[in-house]
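Below are the chains, spelled out letter by letter.
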Protein chains: 2
Amino acid sequence: MINKAGRVIPDTITGITKVKPYAGPFAYVPEGRLVGPKIRASRPRTEKLLKSIDQAIDATGLKDGMTISFHHHFRNGDYVLNLVVEAIARKGIRGLTLAPSSLNDVNDQIIPFIEQGVIRAIETSGGRGKLGKLMTSGKLDKPVIIRSHGGRARAIECGDLHIDVAFLGAPCCDTHGNINGIEGKSACGSMGYAMVDAAYADKVVALTDNLVAQPLHRISIPQTHVDFIVELESIGDPKGIASGALRISRDPRELLIAEYATGVIEYSGYFKDGYSLQLGSGGASLAAAKFIKEKMLAHKITASFGVGGVTAPFIDMLDQGLIQTIFDTQDFDIPSIESIKNNPRHQEMSASFYANPHNGGAIVNNLDVVILSATEVDVDFNVNVITDSNGTIMGASGGHCDTAAGANLAIVVAPLMRGRLPMVLDRVNTIVTPGETVDVIVTERGVAVNPLRKDLIANLQQSGLPLMSIQDLKKIAYDLAGTPEPIELSDEVVGVVEYRDGTIIDVIRRPL
Amino acid sequence: MINKAGRVIPDTITGITKVKPYAGPFAYVPEGRLVGPKIRASRPRTEKLLKSIDQAIDATGLKDGMTISFHHHFRNGDYVLNLVVEAIARKGIRGLTLAPSSLNDVNDQIIPFIEQGVIRAIETSGGRGKLGKLMTSGKLDKPVIIRSHGGRARAIECGDLHIDVAFLGAPCCDTHGNINGIEGKSACGSMGYAMVDAAYADKVVALTDNLVAQPLHRISIPQTHVDFIVELESIGDPKGIASGALRISRDPRELLIAEYATGVIEYSGYFKDGYSLQLGSGGASLAAAKFIKEKMLAHKITASFGVGGVTAPFIDMLDQGLIQTIFDTQDFDIPSIESIKNNPRHQEMSASFYANPHNGGAIVNNLDVVILSATEVDVDFNVNVITDSNGTIMGASGGHCDTAAGANLAIVVAPLMRGRLPMVLDRVNTIVTPGETVDVIVTERGVAVNPLRKDLIANLQQSGLPLMSIQDLKKIAYDLAGTPEPIELSDEVVGVVEYRDGTIIDVIRRPL
């Protein structure tokens, strides 16, 4: 069948109970009730502390074929996922589904265990490097399921993704199982992704290198959700968890893109006192933060709230009173972690509150402006952030399609070319975010507004920006670099890209 | 049948699907999964703000026979429950079940609507005054169901109490539906009871007299749970919501009881650095707070945490560093509300985190010491806090049985006599808290330790307290006042007292 995004979706896909094709960003209206978490009945003075990961695996009753989850707040500093998978492998448990909120290069270490059959399926936000290649290779028992952050929260809450055991890296954990991410040597800031796993997994194990006897004063994940606690020497490498504040780009192309994106915001009609914004963590987004700040100061405009993935430039705006409050699912650098720890206006939120389309209104619904990056865009404004020009998985869905659907103004920034490859195409290899939710494409050579947004086109006439049609942008790219060769793909489906509502927006086929 | 507390429970009770007799504080082990809340799918820029309570009732689809809920954080200052029930009555909707977290005297105003059939059943924590009399009268369609705070959270989460529409008084609410209890003229502090209703009700309406345009910086109930918002001139009378700090009792009998209770704590074996405690809001409890503070200062002991129902003496201990952190479901006075607003060590918690027996460990499970009051106690250490000496409902279950079951040391304080009536009896009229969870009874004439607690009896030998058997205490009371006449009761069951786990610990029969 062909879905609303124009993609051919097989009628049946291994591992998918019922293939629901994407039908438009809000076409699918769910009914019924969320899944109920398993009932616990913890008695007073139950001892949750176990001696080792091994003991915890035994205590959870983990068995062949179950699903395990992890959070990716430790990013490239994570030790937890690798340690747990290794311990599971030693026990001879096999055929697991791995369902972390995302994967990082550091997790390449588990590749041998995937090859040995300990893990036979993956459901996550995306993959990079060797893991991305492995996902694309078709070596797993069924296609990888790629979900956005909001889509994953939805899937967990409605039962599409049932987690048997969640293993949570806990920067700070008390002996009753209360957890926060702000204290200790492995502090990562927000625990937003882990909150959903903790609320719904059948069994929850906290792994901590900062066990404290007294109840926490700040609780991100409550003891009522935690079954077992294991104390480890170290759950992460602080250097990999958070960097110092990133330096703003000096790349003239990124700076130009950032300047254009800022111009789009300024003239969009949304740049008013009390507006709201989310910025990405890419180079152009970070540079845009600086320009936007200058515009806000010049026009005496403050934002009512900001949404992150949080980085230092956002904290700077919060501290200067340019943003009233920040809602935060994840922190990328040390200034952000310090801020969520110390500034009460910097609020932690769960992935469901952030972006789940099937609740009473995620915060993305309240966004005016979001700046998003892209690997490829196409003349229908579709965006690919998951596969590269060879068709290999090398990125993650993240909050891309969630924020694009929610925000009044979704700006996608991308270079027109990468090396000799055009990034504005007739047709992206993989659709993650459908064009009907993308409002503006900004490149260093020109700015294209989605024809659906006549209001925006009108507003931007006065901006002085190099407006052009998306077809013209593509033509410039193709004229410079030639028409790109299509990727040769097999029929084998190795990945399923779920839209945030659980429908299938695209599949990833194995490159030949 | 006769339950484990020795009470005769009818095999069938109107309105109870399956009568499960109480079998011991932890005998019932639940299985399966919690109920799943209804799936919402709020689109971006959905307008939640409605013009009136009437509009909100229409929008929720409220129909005859449904169940509505309210929270009682506004105590005797609450306008919300009365306004909503009145509006419902005007619409001609009838046969509702009223399921507030508790009821106050101010709610006597709804009695005409009960008599008219708008409300035909009640499930709550208790009742006082005219409402208590009405509940005891048998005029409702089925017996009132009395639940503890933890038991109510449990019942909501497992589906025993299905709430169709929750109406939440919101001291501060933004236009997306985020709520807190700490800002505005009707500030009540913690919103702990309302959190559970908001998470599970099919429809949630926020009623506020403090609607703000910008997202809140402190969120107790998230926008993801809220369907509709109504702005009202006033949702409560601040004078009724919170008093100033209560003056410590000067009643010599209460002071003596408080002194004895403090002695019990001091010599119990639990009075160590890092211990934890909950104090009630009654006169003797408040006085005990003062004495306990003195002992803690003298022995250089600090508590790792306190649990409340919070009052000013607790805040005083927090501010002086004698308590490291407070977990709070409800605030009783202005100093407590100010504290939860301004002191990050003063943490809000939901009723489920507080006391639900069927989760991964409520905070009551971590308690060392709790001081509880009582209407009557008996020689089996059973406690009645719900019916008076005429058999009429005049109190509330609250967190009584929850904390008694959870704490290492549950101390019940009560005067030996009230007027000419003994309060230590052969048999309490109604059991709310089973004797096997009560450790010590403290009266002004003597202190009785539960014979089950040989360790405590040994520890208290050195205390100098007037220790005696509970039989001796009763004898003193009966010798002074004569053996009380039994209450003459009909066979008609007008109330069901659920134990926190959902089993039936007692029934309330209509007095003749």
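The model shown is predicted, which means the values in this text are computed figures rather than measured ones. (Residues numbered from 1 in each chain as written. Chains lettered and ligands numbered in written order. Predicted model: local features only at pLDDT ≥ 70, side-chain atom pairs only at ≥ 80, totals over all residues. Heavy atoms only, no water.)

**Let's talk about the sheet that holds strand β17 (residues 376-378) of chain B**
So, point 1. Pairing is mixed in the open sheet, where 3 strands are placed in the order β18-β17-β22 (chain B). The sheet terminates laterally at β18 (383-384) and β22 (424-425) of chain B, the two strands that pair on one side only. (Pairing = 2+ DSSP bridges. Helix = DSSP H or I, 4+ residues; strand = E, 2+ residues; numbered from the N terminus.)

**Observations regarding the packing of helix α1 (residues 53-60) of chain B against helix α2 (residues 80-90) of chain B**
Residues and elements named next belong to chain B.
So, point 1. Where α1 meets α2, the closest approach of the two axes is 10 Å, and the angle between their N-to-C directions is 70 degrees. The angle between α1 and α2 falls in the class roughly perpendicular. The chirality of how α1 crosses α2 is right-handed. For the pair α1 and α2, the contacting residues are I53, D54 and I57 in the first and L83, V84, A87, I88 and R90 in the second.
So, point 2. Among the residues forming the contact of α1 with α2, the class breakdown is 6 nonpolar, no polar and 2 charged. (Axes fitted to C-alpha atoms, helices over the stretch in contact; angles between N-to-C directions. Parallel < 35°, antiparallel > 145°, perpendicular 65-115°, else oblique. Left-handed = near helix turned anticlockwise from the far one by under 90°. Contact = heavy atoms within 4.5 Å. Nonpolar A, V, L, I, M, F, W, Y, C, P; charged D, E, K, R; others polar.)

**Re the pairing of strand β26 (residues 504-511) of chain B**
Residue and element names in this part refer to chain B.
So, point 1. The buried fraction of β26 is high, at 6 of 8 residues.
So, point 2. Both strand β25 (residues 489-498) and β26 contribute to a ladder of 6 bridges, which runs antiparallel. Among the inter-strand pairings, V493 is bridged to a residue of β26, identified as R509.
So, point 3. Turn length for the β25-β26 hairpin, with the two strands adjacent in sequence and antiparallel, is 5 residues, and the turn residue G502 shows positive phi of about 95 degrees. (Buried < 20%, exposed > 50% of the residue type's maximum accessible area, 1.4 Å probe, protein only.)

**Notes on the pairing of strand β14 (residues 326-331) of chain B**
Residue and element names in this part refer to chain B.
So, point 1. Of all 6 residues making up β14, 6 are buried, and the element is well covered by its neighbours.
So, point 2. Here strand β13 (residues 303-310) pairs with β14 via 4 bridges, running parallel. Note on β14: the bridge partner recorded for V310 is D331.
So, point 3. Between the parallel pair β13 and β14, the chain is carried across by helix α10 (residues 312-319), and the sense of this crossover is right-handed.
So, point 4. Relative to strand β15 (residues 346-348), β14 is paired through 3 bridges, and the arrangement is parallel. (Right-handed = clockwise from strand over helix to strand, strands pointing away.)

**Comments concerning the interface of chain A and chain B**
So, point 1. The interface is formed by 57 residues belonging to chain A together with 57 residues belonging to chain B.
So, point 2. Between chain A and chain B, the buried area comes to about 4,700 Å², and carbon and sulfur atoms account for 53% of it.
So, point 3. The largest contributions to the chain A side of the interface with chain B come from R33(A), I39(A) and H217(A), which together make up 16% of the buried area.
So, point 4. Our enumeration of links across chain A and chain B arrives at 2 salt bridges.
So, point 5. Linking D202(A) and R33(B) is a salt bridge whose minimum nitrogen-to-oxygen distance equals 2.7 Å.
So, point 6. Of the residues contributing to the side of chain A that touches chain B, the split by class is 23 nonpolar, 24 polar and 10 charged. (Buried area = accessible area lost by both parts, 1.4 Å probe. Salt bridge = Lys/Arg side-chain N within 4 Å of Asp/Glu carboxyl O.)

**A word on the state of the cysteines**
Residues and elements named next belong to chain B.
So, point 1. Within the structure shown, the criterion is met by 0 disulfides over all chains.
So, point 2. For C173, which is in no disulfide, the shortest distance to another cysteine sulfur is to C172 and amounts to 7.6 Å.
So, point 3. Its sulfur unpaired, C188 is 11 Å from the next cysteine sulfur, which belongs to C172. (Disulfide = S-S within 2.5 Å.)

**Structural notes on the nonpolar core**
So, point 1. By size, the foremost hydrophobic cluster in this structure holds 122 residues, and its most contacted members are I68(B), I88(B), F167(B) and L207(B).
So, point 2. If you count residues domain by domain, this core takes at least three from each of domain 1 (49-240) and domain 2 (252-486) of chain B.
So, point 3. Setting aside residues up to four positions removed in sequence, L207(B) forms contacts with I53(B), V80(B), V84(B), F167(B), L168(B), G169(B), A170(B), V230(B), L232(B) and I235(B).
So, point 4. Within the second largest apolar cluster, 121 residues are counted, among which are M191(A), I229(A), I393(A) and I39(B). (Core = buried A, V, L, I, M, F, W, Y, C linked by side-chain atoms within 4.5 Å. Domains from an automatic or database assignment.)

**Describing the relation of the copies chain A and chain B**
So, point 1. Between chain A and chain B, which share one sequence, the superposing operator has a rotation angle of 180 degrees and an axial displacement of 0.0 Å; the RMSD is 0.0 Å. Those values place the two copies in the arrangement expected of a two-fold rotation axis. No C-alpha of chain A approaches the rotation axis more nearly than that of G36(A), which lies at 2.2 Å.
So, point 2. A shared binding surface is used by both copies, with 100% of the interface residues of chain A retained as interface residues in chain B. (Least-squares fit on C-alpha atoms with pLDDT ≥ 70 in both.)

**Remarks on the sheet that holds strand β2 (residues 67-69) of chain A**
All names here are of chain A.
So, point 1. Strand order in the open sheet formed by 10 strands is β1-β11-β9-β6-β2-β3-β4-β5-β25-β26, with mixed pairing between adjacent strands. Lying at the two open borders of the sheet, with one neighbouring strand each, are β1 (49-50) and β26 (504-511).
So, point 2. Note: strand β9 (residues 203-208) against strand β11 (residues 228-231), 4 bridges, orientation parallel. Counted as the bridge partner of T208 is E231 from β11.

**Quick look at the confidence of the model for chain A**
So, point 1. Averaged over all residues, the pLDDT of chain A equals 96, while 100% of them reach at least 70.
So, point 2. Across the interface, the model reports ipTM at 0.97; the global pTM reads 0.97. (pLDDT = per-residue confidence, 0-100.)

**Considering the environment of A201(A)**
Residue and element names in this part refer to chain A.
So, point 1. Tracing the backbone shows A201 in the loop between α6 (192-200) and β9.
So, point 2. The spatial distance from the C-alpha of A201 to the C-alpha of T67 is 9.5 Å, given a sequence separation of 134 residues.
So, point 3. With residues near it in sequence (within four places) discarded, A201 still touches R40, I163, D164 and A166.

**Brief notes about α2(B)**
So, point 1. Among the 11 residues in α2(B), 8 count as buried, and that is most of the element.
So, point 2. G92(B) sits one or two residues past α2(B) and shows a positive phi near 85 degrees.

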